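# Architecture at a glance
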Amino acid sequence: MQKAIGVLTSGGDAPGMNAAVRAVTRAAIRKGYKVYGIQRGYNGLINGEIVELGVRDVSDIIQRGGTILYTARCLEFKEESGLQKATQKCRELNVEGIVVIGGDGSFRGAGDLSARGVPCIGLPGTIDNDIACTDYTIGYDTAMNTAIEMVDKLRDTSQSHDRCSVVEVMGRNAGWIALNVAVATGAIACLVPEKPVDLTAVAEKIKKAHETQKEHFIVIVAEGCGDSKKIADDIAALSGIDTRLTVLGHVQRGGMPTLRDRVVASQMGYHAVELLSRGASNRVVGMKDNKIVDFDIQEALAMSKPFDDELYRVCNEITF
Ligand code: ADP
Ligand code: F6P
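Residues numbered from 1 in each chain as written. Chains lettered and ligands numbered in written order. Predicted model: local features only at pLDDT ≥ 70, side-chain atom pairs only at ≥ 80, totals over all residues. Heavy atoms only, no water.

### Quick word on unusual backbone geometry
- Residue Asn129 is not a glycine yet carries a positive backbone phi of 55°.
- Owing to a relative accessible area of 2%, Asn129 belongs among the buried residues under this scheme.
- One non-glycine residue, Asp289, adopts positive backbone phi at about 50°.
- You can see Asp289 is positioned in the loop between β10 (283–288) and β11 (291–296).
- Overall, Asp289 belongs to the exposed group, its relative accessible area being 68%. (Buried < 20%, exposed > 50% of the residue type's maximum accessible area, 1.4 Å probe, protein only. Helix = DSSP H or I, 4+ residues; strand = E, 2+ residues; numbered from the N terminus.)

Set out below in structure tokens:
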């Protein structure tokens, strides 16, 4: 029986996942593997939603957002019975390994499968950039570029009305998207969960800038900071400036992946297949100092990622 590799996307989708699926498929076929696309995350392994991927099945997807394999959060996989069914399916398919594209939760699942004798390699796919073992996650750049495009549009209307625009961006419990978007859009303030939120200080900054003829204000708030509506209302009350809230939401997850996401996804997908073909298991691929690296899954999950204090300082010091 021909040896095979499986690939799946899991958790929230991220632009560039398709580029990773393509790279995994092409690299694996080049090495003589059969490739199975497992649909809807770990659900596909449990329910047998699996399609064979040939070279041309992954044509014309490098530029597409979302994931052609669909994605899902599969609760059954966290149960012993679900894990057993998934392991059994892998044996039936004679897979030599599975590439799991997703976030920390997906990697935990990949660790469980690896422990059952199904070698797994995780690729960091999430717009949040909240995976500790890597400087960069697939989808992050596209999401931030989408967000700055939206904020630039908001600036036009905000300026015309002398208003403050409070903009909530995604990131789950992390402020990476918020911080970079704030710098790139010249926001007067950036609120992130990693730092204390002081709305009185934000309002004072806005008032001072208003006194020096600044007419409009952008405040970027990471979703992890809590109730954005209340934050916007408090800023309005404390500053006396007419304020509107915009929640960018899932628009940040869609769209054509940027060059960076396509390239990193391709490099990481290729590396994952290299690892599997060398007999590796239970690894996560990451990027450190612009180099593709890999780590043991449990070690990767135990790592922490320091916030970019220097960029946060720059953000605060060049807007007033
Ligand atoms: P992400 O991978 O983006 O962090 P989730 O936390 O939703 O997203 O996890 C995606 C999927 O990974 C879950 O639906 C589940 O199937 C699997 N998973 C999550 N956490 C675990 C866990 N602790 N053990 C095993 N599998 C898990
Ligand atoms: O992890 C990606 C992400 O988009 C987060 O930024 C956000 O908190 C979450 O997923 C939203 O998840 P859902 O698609 O379930 O609404």
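### What about the sheet that holds strand β7 (residues 189–191)?
- Read from one edge of the open sheet, four strands run β7-β8-β6-β9, paired in parallel fashion. In this open sheet, the two strands that pair with only one neighbour each are β7 and β9 (243–247). Strand after strand, the sheet turns through a mean of 20° between neighbouring axes, direction not considered.
- Bridging between strand β6 (residues 164–169) and β9 involves five bridges; their strand directions are parallel. From the neighbouring strand, Cys164 faces β9, where its bridge partner is Thr243. (Pairing = 2+ DSSP bridges. Axes fitted to C-alpha atoms, helices over the stretch in contact; angles between N-to-C directions.)

### Some thoughts on the pairing of β6
- Burial within β6 is extensive, with six of its six residues counted as buried.
- Where burial is concerned, the two faces of β6 agree: the one with Cys164, Val166 and Glu168 and the one with Ser165, Val167 and Val169 are both buried.
- Looking at chain direction, β6 and strand β8 (residues 217–222) are connected through six bridges and run parallel. Paired with Val167 across the bridge in β8 is Ile220.

### Comments concerning the domain arrangement of the protein
- Looking at the assigned domains, one finds that the protein contains domain 1 (4–139 + 257–302) and domain 2 (141–253).
- A C-alpha centroid distance of 34 Å is found between domain 1 and domain 2.
- Listed as interface residues are 14 residues of domain 1 and, on the opposing side, twelve residues of domain 2.
- Interface area for domain 1 against domain 2, summed over the two sides, is near 1100 Å², with a carbon-plus-sulfur share of 50%.
- Joining domain 1 to domain 2, the criterion identifies two salt bridges.
- In this structure, Arg172 and Asp128 form a salt bridge, with 3.8 Å as the shortest nitrogen-oxygen distance.
- Linking domain 1 with domain 2 are nine residue pairs in polar contact (both at pLDDT 80 or more).
- Considering only residue class, the side of domain 1 that touches domain 2 consists of four nonpolar, four polar and six charged. (Domains from an automatic or database assignment. Contact = heavy atoms within 4.5 Å. Buried area = accessible area lost by both parts, 1.4 Å probe. Salt bridge = Lys/Arg side-chain N within 4 Å of Asp/Glu carboxyl O. Polar contact = N/O pair within 3.5 Å; in protein donor to acceptor, adjacent residues only side chain to side chain. Nonpolar A, V, L, I, M, F, W, Y, C, P; charged D, E, K, R; others polar.)

### Remarks on the pattern of salt bridges
- On inspection of all chains with the given rule, the structure shows 16 salt bridges.
- With a shortest N-O distance of 2.9 Å, Glu49 and Arg40 are connected by a salt bridge.
- Glu49 sits in the partly exposed class, given a relative accessible area of 24%.
- Where Lys89 meets Glu92, a salt bridge forms, and the shortest distance between an N and an O atom there is 3.1 Å. Residue Lys89 and its partner Glu92 are both found in helix α3 (residues 80–93); the two are separated by three residues, about one turn of the helix.
- On the basis of relative accessible area, Glu92 is assigned to the partly exposed category, the value being 45%.
- Taken together, the salt bridges that share partners define one network made up of Arg163, Asp242 and Arg244.

### A closer look at the environment of Leu53
- You can see Leu53 is positioned in the loop between β3 (50–52) and α3.
- Residue Leu53 is classed as buried on the basis of its relative accessible area, which comes to 5%.
- When the C-alpha atoms of Leu53 and Gly6 are compared, they prove to be 9.4 Å apart, with 47 residues separating the residues in sequence.
- Those residues within four positions of Leu53 in sequence are excluded, and the remaining contacts are Val7, Val21, Thr25, Ile29, Val35, Gly37, Val58 and Leu69.

### Focus on the sheet that holds strand β5 (residues 120–124)
- Taking strand neighbours across the sheet as the criterion, the seven strands line up as β3-β2-β1-β4-β5-β10-β11 in an open arrangement whose pairing is mixed. Of all strands in the sheet, those with a lone pairing partner are β3 and β11, marking the two edges. Each strand of the sheet is rotated relative to its neighbour by a mean of 25°, with strand direction disregarded.
- The sheet contacts of helix α4 (residues 104–115) involve β4 (95–102), β5 and β10, and relative to β5 the element is tilted by about 170°.
- Taken strand by strand, helix α9 (residues 259–277) contacts β1 (4–9), β4, β5, β10 and β11, and its axis lies near 140° from that of β10.

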